Amino acid sequence: MPGPPAVPGHHLYAVVAGSKPHLDHLLLRDYLRQRPDEVQRYSALKVALAQQFPADSEGRAAYSAAKSAAVEELVAKSYAARAAGAS
């Protein structure tokens, strides 16, 4: 008798509400909503990295590490925009 169908893997990002990672996430989301040029740049990077690294645990770790500098830059820009009074 065959077993149940394969369940696709899940990747969950969870943070505590009100924590700095939560604020980082919200500010980055709001920043990107206002800046389609940054969305295009970030999307292009993610596509290029997804094509570069395999879809296994090592590849996902390498993908995350490779995009971390861009994420850090975008988060910094989101905090600067907030300080300047923009969203």
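Bear in mind the structure is a predicted one, so any value in this text is a computation, not a measurement.

Across its full length, the chain carries 3 helices and 0 strands. The C-alpha radius of gyration computed for the chain amounts to 16 Å, which surpasses the reference 12 Å derived for 87 residues by more than 25%, pointing to a less compact arrangement than a globule. Considering only C-alpha atoms, the chain reaches an extent of 60 × 30 × 20 Å along its principal axes. A buried classification covers 20% of the 87 residues belonging to the chain.

For Arg29, the position within the fold is in helix 1 (residues 20–34). Given a relative accessible area of 34%, Arg29 falls into the partly exposed group. The sequence separation of Arg29 and Leu74 amounts to 45 residues, and the corresponding C-alpha distance is 9.9 Å.

A few words on helix 1. For an α-helix the count is 3.6 residues per turn, leaving residues at separations of three or four pointing the same way. Here helix 1 contains 15 residues, and its C-alpha end-to-end distance of 21 Å stays within 8% of the 21 Å for a straight helix at 1.5 Å per residue. All of the buried residues along helix 1 are Asp24, Leu27, Leu28, Tyr31 and Leu32. Along the axis of helix 1, the buried positions cluster into a sector of 130 degrees, meaning they face one direction only. Those residues of helix 1 that are exposed and aimed more than 90 degrees away from the buried face are Arg33 and Gln34. The secondary structure elements touched by the buried residues of helix 1 are helix 2 (36–52) and helix 3 (57–83).

A separate point is the layout of surface pockets. Estimated volume of the largest pocket: approximately 390 Å³. Together, 16 residues line the largest pocket, and Tyr13, His25, Leu28, Tyr42 and Val71 are the ones closest to its centre. Elements with a contribution of two residues or more to the lining of the largest pocket: helix 1 and helix 3. Its residues placed into classes, the lining of the largest pocket shows 8 nonpolar, 4 polar and 4 charged.

Before going further, it helps to spend a moment on the pattern of salt bridges. According to the stated counting rule, one finds 6 salt bridges in the structure shown. Via salt bridges that share partners, Glu38, Arg41, Glu73 and Lys77 belong to a single interconnected network.

Turning to the nonpolar core, a few remarks are in order. In terms of nonpolar packing, the biggest core is built from 7 residues, these being Leu28, Tyr31, Leu32, Tyr42, Leu74, Val75 and Ala81. Of all the elements in the fold, those that place two or more residues in this core are helix 1 and helix 3.

Analysis parameters
Residues numbered from 1 in each chain as written. Predicted model: local features only at pLDDT ≥ 70, side-chain atom pairs only at ≥ 80, totals over all residues. Heavy atoms only, no water. Helix = DSSP H or I, 4+ residues; strand = E, 2+ residues; numbered from the N terminus. Rg over C-alpha atoms; globule rule 2.2 N^0.38 Å. Buried < 20%, exposed > 50% of the residue type's maximum accessible area, 1.4 Å probe, protein only. Expected span 1.5 Å × (residues − 1). Arc of directions from axis to C-beta. Contact = heavy atoms within 4.5 Å. 1 Å grid on protein atoms, 1.4 Å probe; cavity = no way out; pocket = protein on both sides within 12 Å on 5 of 7 lines; lining within 4 Å. Points joined across faces, edges and corners; volume = space filled by probe spheres on them. Nonpolar A, V, L, I, M, F, W, Y, C, P; charged D, E, K, R; others polar. Salt bridge = Lys/Arg side-chain N within 4 Å of Asp/Glu carboxyl O. Core = buried A, V, L, I, M, F, W, Y, C linked by side-chain atoms within 4.5 Å.

By themselves, these are just geometric observations and shouldn't be taken as functional.
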